Amino acid sequence: MPESDVVIRECVSVEDFQQCIALERAVWKDDDIGVMPIRLYMISKACKAPTIGAFDDKNKLVGFVHTSLALIGKNVAYHSHLAAVVEGLRHKHIGRRMKLAQREHAVEAGVPLIIWTCDPLQSRNAHLNINKLGAIIRRYEVNYYGEGLSSVFGAGVPSDRVFAEWWVSSAEVEAALAGKRPVPSPDESVVIPYDIDALSARSSADHLKWRLRVREEFTACLGRGLIARAFERDQQSGQSRYCFGPDEEQFQFRAYSGVKAGG
């Protein structure tokens, strides 16, 4: 199916949210206890936190990104959750298009920040989040979701997560979306595998070794006040790396204190 045939819009009806639940089950294959119920989708909609859907020409849902409201200190942010695209369309830029629609909602609502969790060992996600969207990382959580909670998490490997911060009106994001984001000379870097899924399929012990090594190095960089601001992938070498640099004013709520909803 051509990318142009996919329509990106907000999910607004019970039927839309029922499709979201069906896609949850198809993608993550969780038991019912791990599936977000329809009433929570409806509550988020009532609270002006959008669920962005991707629909084919028959109005069938082929991807979605759910949003909830978050409070960080005294500041309102969006928390992006449950991003999914059907297997056959994962290289059609649908995920990026849904994130851009989510960003439009945030800008219109005067919400300066969207956050979401991601596995620091997943290089494809890091490339999208940092290089294509302009997100930064300055928070690392050890075994955030526990072990064995879902089919998403590898058995015997802690579910460490980093928080992507997407400052939607920042100069960094504007440059990334225009394909002109400068790549700063890194003060520090942290290497990860190019394809952790392939490595894990060969050896869960090696997966765990990478988890523990990256945890130590990543938290050390953050502990020195650096943030992850760039990402490099090298398929030939089989490795990728996070590049760390200094924090900036554009990644603070106070930089957007005068921003009002609607302009």
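Everything here concerns the structure above.
Residues numbered from 1 in each chain as written. Predicted model: local features only at pLDDT ≥ 70, side-chain atom pairs only at ≥ 80, totals over all residues. Heavy atoms only, no water.

J.: Describe the environment of Phe163, naming the residues involved and giving the relevant values.
T.: Relative to the helices and strands, Phe163 is located in strand E7 (residues 161-167). We classify Phe163 as buried; its relative accessible area is 4%. Distance from Phe163 to Glu141, taken between C-alpha atoms, is 8.1 Å for residues 22 residues apart in sequence. Those residues in contact with Phe163 that lie beyond four places of it in its chain are His79, Ile115, Trp116, Thr117, Ile136, Ile137, Arg138, Arg139, Glu141 and Tyr144. (Helix = DSSP H or I, 4+ residues; strand = E, 2+ residues; numbered from the N terminus. Buried < 20%, exposed > 50% of the residue type's maximum accessible area, 1.4 Å probe, protein only. Contact = heavy atoms within 4.5 Å.)

J.: Talk me through the packing of aromatic side chains; I want residue IDs and the actual numbers.
T.: Applying the stated criterion across every chain yields a total of 11 aromatic pairs. Aromatic rings pair up to connect Tyr140, Phe218, Phe231, Tyr242 and Phe244 into one cluster. Positioned above the aromatic ring of Trp210 is the side chain of Arg213, whose terminal nitrogen or guanidinium carbon lies 4.6 Å from the ring centre. (Phe/Tyr/Trp six-rings, centres within 6.5 Å; stacked < 30°, edge-to-face > 60°. Lys NZ or Arg CZ within 6 Å of the ring centre and 35° of its normal.)

J.: Mind laying out the side chain of His66, listing which residues take part and the relevant values?
T.: Relative to the assigned elements, His66 resides in strand E3 (residues 61-72). There is a polar contact of 2.9 Å between the side chain of His66 and the side chain of Thr51. Setting aside residues up to four positions removed in sequence, His66 forms contacts with Met36, Leu40, Tyr41, Ser44, Pro50, Thr51, His79, Ser80, His81, Leu82 and Gln102. (Polar contact = N/O pair within 3.5 Å; in protein donor to acceptor, adjacent residues only side chain to side chain.)

J.: A description of the pattern of salt bridges should follow, citing residues and the corresponding values.
T.: Considering all chains together, one arrives at 15 salt bridges under this definition. A salt bridge links Arg9 to Asp16; its shortest N-O distance comes to 3.0 Å. Given the relative accessible area of 4%, Asp16 is considered buried. Linking Asp247 and Arg138 is a salt bridge whose minimum nitrogen-to-oxygen distance equals 2.6 Å. (Salt bridge = Lys/Arg side-chain N within 4 Å of Asp/Glu carboxyl O.)

J.: Outline the nonpolar core, listing residues and values.
T.: Counting 32 residues, the largest nonpolar core has Ile114, Ile137, Trp166, Val214, Phe218, Tyr242 and Phe244 as its most contacted members. Examining the composition of this core, we find that five residues originate from one element, helix H7 (residues 204-223), more than from any other. With near-sequence residues (within four places) excluded, Trp166 lies in contact with Lys99, Leu100, Gln102, Arg103, Pro112, Leu113, Ile114, Trp116, Leu133, Gly134, Ala135 and Val173. Counting 14 residues, the second largest nonpolar core, distinct from the first, contains Ile21, Trp28, Leu61 and Leu82. (Core = buried A, V, L, I, M, F, W, Y, C linked by side-chain atoms within 4.5 Å.)

J.: Run through the packing of helix H1 (residues 14-28) against helix H2 (residues 38-46), naming residues and quoting values.
T.: Each packed pair of helices is defined by two parameters, the angle between the axes and the distance between the axes. Closest axis-to-axis distance for the H1/H2 pair is 9 Å, and the angle between their directions is 125 degrees. Taken together, the axes of H1 and H2 are oblique relative to one another. Two packed elements cross with a definite hand, and for H1 against H2 that hand is right-handed. Within the contact between the two elements, H1 uses Val14, Phe17, Gln18, Cys20, Ile21 and Glu24 and H2 uses Ile38, Tyr41, Met42 and Lys45. Among the residues making up the contact of H1 with H2, the classes are represented as seven nonpolar, one polar and two charged. (Axes fitted to C-alpha atoms, helices over the stretch in contact; angles between N-to-C directions. Parallel < 35°, antiparallel > 145°, perpendicular 65-115°, else oblique. Left-handed = near helix turned anticlockwise from the far one by under 90°. Nonpolar A, V, L, I, M, F, W, Y, C, P; charged D, E, K, R; others polar.)

J.: Requested: an account of the pairing of E7, with residues and values cited.
T.: With seven of seven residues buried, E7 is to be regarded as a mostly interior element. Along E7, one buried face is formed by Arg161, Phe163, Glu165 and Trp167 and the opposite face, lined by Val162, Ala164 and Trp166, is buried too. Here strand E5 (residues 113-118) runs beside E7; their pairing, made up of six bridges, is antiparallel. From the neighbouring strand, Trp116 faces E7, where its bridge partner is Ala164. Two elements, strand E6 (residues 136-141) and E7, share four bridges in a ladder whose sense is antiparallel. Counted as the bridge partner of Ile137 is Ala164 from E7. (Pairing = 2+ DSSP bridges.)

J.: Can you lay out helix H3 (residues 94-109) for me, pointing to particular residues and giving the numbers?
T.: For H3, spanning 16 residues, the distance from its first C-alpha to its last is 23 Å, which sits close to the expected 22 Å at 1.5 Å a residue. Of the positions making up H3, those classed as buried are Ile94, Met98, Lys99, Ala101, Gln102, Arg103 and Ala106. At the exit of H3 stands Gly110, carrying a positive phi of roughly 75 degrees. (Expected span 1.5 Å × (residues − 1).)

No statement about biological role is implied by the geometric values presented.
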